[in-house]
Amino acid sequence: MEEAAEPAGIAQLLQAQRVLQRYLDKTVVWVRVRWSIFVVLLLLFAARVYIKQGFFVVSYGLGIYMLNLFINFLSPAVDPDTEETSLPMKESTEYRPFTRKLPEFKFWWSGARATAVALGMTFIPFFDLPVYWPILLAYFILLLVLTMKDRVKHMIKHKYVPFNFGKQTYGELSKVKVPGGEKNDK
């Protein structure tokens, strides 16, 4: 039997998707570079909105989407309110690292894609809807404060911190004694 050949457009799309995934996989270890790219995209978007004095609905939509991503980034993968054994409650329990509902890489990639799409939308006049922007800003700030207040209460209630501040160190290497009574000066 002969296999059905894929149309040329689908084959090219799959090839482009593989190339993109290969480059994305290479960026996993470059955390600062990735987030720098994201900040540059956000600054380009903000500059475009400021210069055009419009696209406030697009900005509001991007803000709500980013808030949703951030809330999922701060949330544990398994909600302790529904699952009793998801987070350690006593020091005598087994250590389990904090697992997020939305991992850092997916948070970055989703945010970068959304910002790039929003930036692209600022070049299409159809999306520049006339609105009174102070109302959108006030509603966004209210939504931000209320959702973050609930998230912080949840963190305090279940005693977890969703941030990792690097590997814990226990002292300098030069203070370690080596056999023979000499100190290691490296």
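Scroll up for the structure.
Residues numbered from 1 in each chain as written. Predicted model: local features only at pLDDT ≥ 70, side-chain atom pairs only at ≥ 80, totals over all residues. Heavy atoms only, no water.

Draft legend 1. Representation of the overall build of the protein chain. A tally of helices and strands in the protein chain yields five helices and zero strands. Helices and strands in the protein chain line up, N terminus first, as α-α-α-α-α. Split into buried and exposed, the 186 residues of the protein chain put 23% on the buried side. (Helix = DSSP H or I, 4+ residues; strand = E, 2+ residues; numbered from the N terminus. Buried < 20%, exposed > 50% of the residue type's maximum accessible area, 1.4 Å probe, protein only.)

Draft legend 2. Here's a closer look at the packing of helix H2 (residues 31-52) against helix H3 (residues 56-74). Taken N-terminus to C-terminus, the directions of H2 and H3 make an angle of 155°; their axes are 10 Å apart at the nearest point. By the angle class used here, H2 and H3 are roughly antiparallel. The way H2 lies across H3 gives a crossing that is left-handed. Two secondary-structure elements touch here, H2 through Phe 38, Leu 42, Phe 45 and Val 49 and H3 through Phe 56, Val 58, Ser 59, Leu 62 and Met 66. Considering only residue class, the contact of H2 with H3 consists of eight nonpolar, one polar and no charged. (Axes fitted to C-alpha atoms, helices over the stretch in contact; angles between N-to-C directions. Parallel < 35°, antiparallel > 145°, perpendicular 65-115°, else oblique. Left-handed = near helix turned anticlockwise from the far one by under 90°. Contact = heavy atoms within 4.5 Å. Nonpolar A, V, L, I, M, F, W, Y, C, P; charged D, E, K, R; others polar.)

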